[in-house]
Amino acid sequence: MPDLILYCEASFTSPWVLAVWTALREKGVPFEAQLLDLKKGEHKGTDFAKQTVIGKVPAIRHQELVLAESFAILEYLEEAFPEPGLYPKDRADRARDRQILSWLRSDLFALRRAMPFEGIFSPIAPPAMTPEAREESDKLLAVCAARIASTAGRGPTLADFELASTLRRLIHYRHVPVPEAIARWSDAIWARPSIQSWNAARARTANIA
Ligand SMILES: N[C@@H](CCC(=O)N[C@@H](CS)C(=O)NCC(=O)O)C(=O)O
């Protein structure tokens, strides 16, 4: 029985759960996924809510620690399971990774509203595209273009995983043209076994339900 539990939403559509799932898989840390049906409120008023206090997924339980908030979890995993490192070795590059991870958590709200992550995996009535979402998409593409140019030749790190998965929204909804080189970069990262194992887990769960 693995001594790390990852609490996930049962629909496997949360980009924040995906970020932690990917890190655990990339590091080869064994874990048990415990699924919570958020639509049924399984994360509220339960032991889970009491223990995490924040009451959101992702959360992990590792030994005595119960921890929510994906960024805090990623930082913890990097310290608890240093190899392989998922941040760049260079200090300035590590800071740039953290800059991107913070930015992705504090911006792009219009983009997220117009292009929900869940719609990538199952049909939904697509929300309207807005000028704000367009502006944020252009900024995301500019960040990715700069990122690809500056990180050529080294393996993906945490910021790459999250940028590549955020790009799936643009690629799926097609409201905004995605340059070929950026789409290919996202495709290559999205195809990694760490991410595909999350997609496979969703498919398994859907078959059981
Ligand atoms: N800032 C949090 C966001 C996590 C989050 O928004 N989780 C959603 C699922 S995608 C959730 O648990 N929602 C349930 C709720 O808010 O009641 C993180 O980075 O982990």
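Values in this document were obtained by computation on a predicted structure and should not be read as measured data. (Residues numbered from 1 in each chain as written. Predicted model: local features only at pLDDT ≥ 70, side-chain atom pairs only at ≥ 80, totals over all residues. Heavy atoms only, no water.)

A. Representation of the overall build of the chain within the structure. Each helix and strand in the chain was counted, giving nine helices and four strands. Order of helices (α) and strands (β) in the chain, N terminus to C terminus: β-α-β-α-β-β-α-α-α-α-α-α-α. Relative to its length of 209 residues, the chain is compact, with a C-alpha radius of gyration of 17 Å against a globular reference of 17 Å. Dimensions along the principal axes, computed over C-alpha positions, put the chain at roughly 45 × 45 × 30 Å. Per-residue burial for the chain yields a buried fraction of 45% across its 209 residues. On the chain, roughly 10700 Å² of surface is accessible, and the fraction owed to carbon and sulfur atoms is 56%. Positive and negative side-chain charges of the chain, numbering 27 and 26 respectively, have mean locations separated by a distance of 2 Å. (Helix = DSSP H or I, 4+ residues; strand = E, 2+ residues; numbered from the N terminus. Rg over C-alpha atoms; globule rule 2.2 N^0.38 Å. Buried < 20%, exposed > 50% of the residue type's maximum accessible area, 1.4 Å probe, protein only. Areas by Shrake-Rupley, 256 points an atom, 1.4 Å probe, with all protein chains shown as cover. Lys, Arg positive; Asp, Glu negative; His and termini not counted. Charge placed at Lys NZ, Arg CZ, Asp CG, Glu CD.)

B. Layout of the environment of I120. Structurally, I120 is set in the loop between α5 (109–114) and α6 (131–151). Each C-alpha atom, one on I120 and one on G45, is 30 Å from the other, the two residues being 75 residues apart in sequence. Setting aside residues up to four positions removed in sequence, I120 forms contacts with R168, R169, H172 and Y173. (Contact = heavy atoms within 4.5 Å.)

C. Focus on the site of the ligand. Around the ligand sit S14, W16, L38, H43, K44, K56, V57, P58, E69 and S70, and those are all the residues in its vicinity. One of the side-chain nitrogen or oxygen atoms of K56 is found 2.8 Å away from an oxygen atom of the ligand. Here S70 contributes a side-chain N or O atom positioned 2.6 Å from an oxygen atom of the ligand. Here the ligand loses 73% of its free accessible area of 510 Å² to cover by the protein chains. Of the pockets mapped on this structure, the ligand occupies the largest pocket. Taken together, the residues of the shell around the ligand break down into four nonpolar, three polar and three charged. (Near = heavy atom within 4 Å. Polar contact = N/O pair within 3.5 Å; in protein donor to acceptor, adjacent residues only side chain to side chain. 1 Å grid on protein atoms, 1.4 Å probe; cavity = no way out; pocket = protein on both sides within 12 Å on 5 of 7 lines; lining within 4 Å. Sits in = over half its atoms within 2 Å of the grid points. Nonpolar A, V, L, I, M, F, W, Y, C, P; charged D, E, K, R; others polar.)

D. How the structure looks around unusual backbone geometry. Here the residue pair V57 and P58 is connected by a cis peptide bond, since its omega of 0° sits within 30 degrees of zero. On the secondary structure map, P58 appears in the loop between α2 (47–52) and β3 (59–62). Omega for the peptide link from E83 to P84 comes to -10°, which places this bond in the cis form. Relative to the helices and strands, P84 resides in the loop between α3 (70–80) and α4 (91–106). Despite not being glycine, Q63 shows a phi value in the positive range, around 50°. Mapped onto the elements, Q63 comes out in the loop between β3 and β4 (65–68). Even without being glycine, E69 reaches a positive phi, approximately 80°. Among the structural elements, E69 can be located in the loop between β4 and α3. Judged by relative accessible area, E69 falls into the partly exposed class, the value being 44%.

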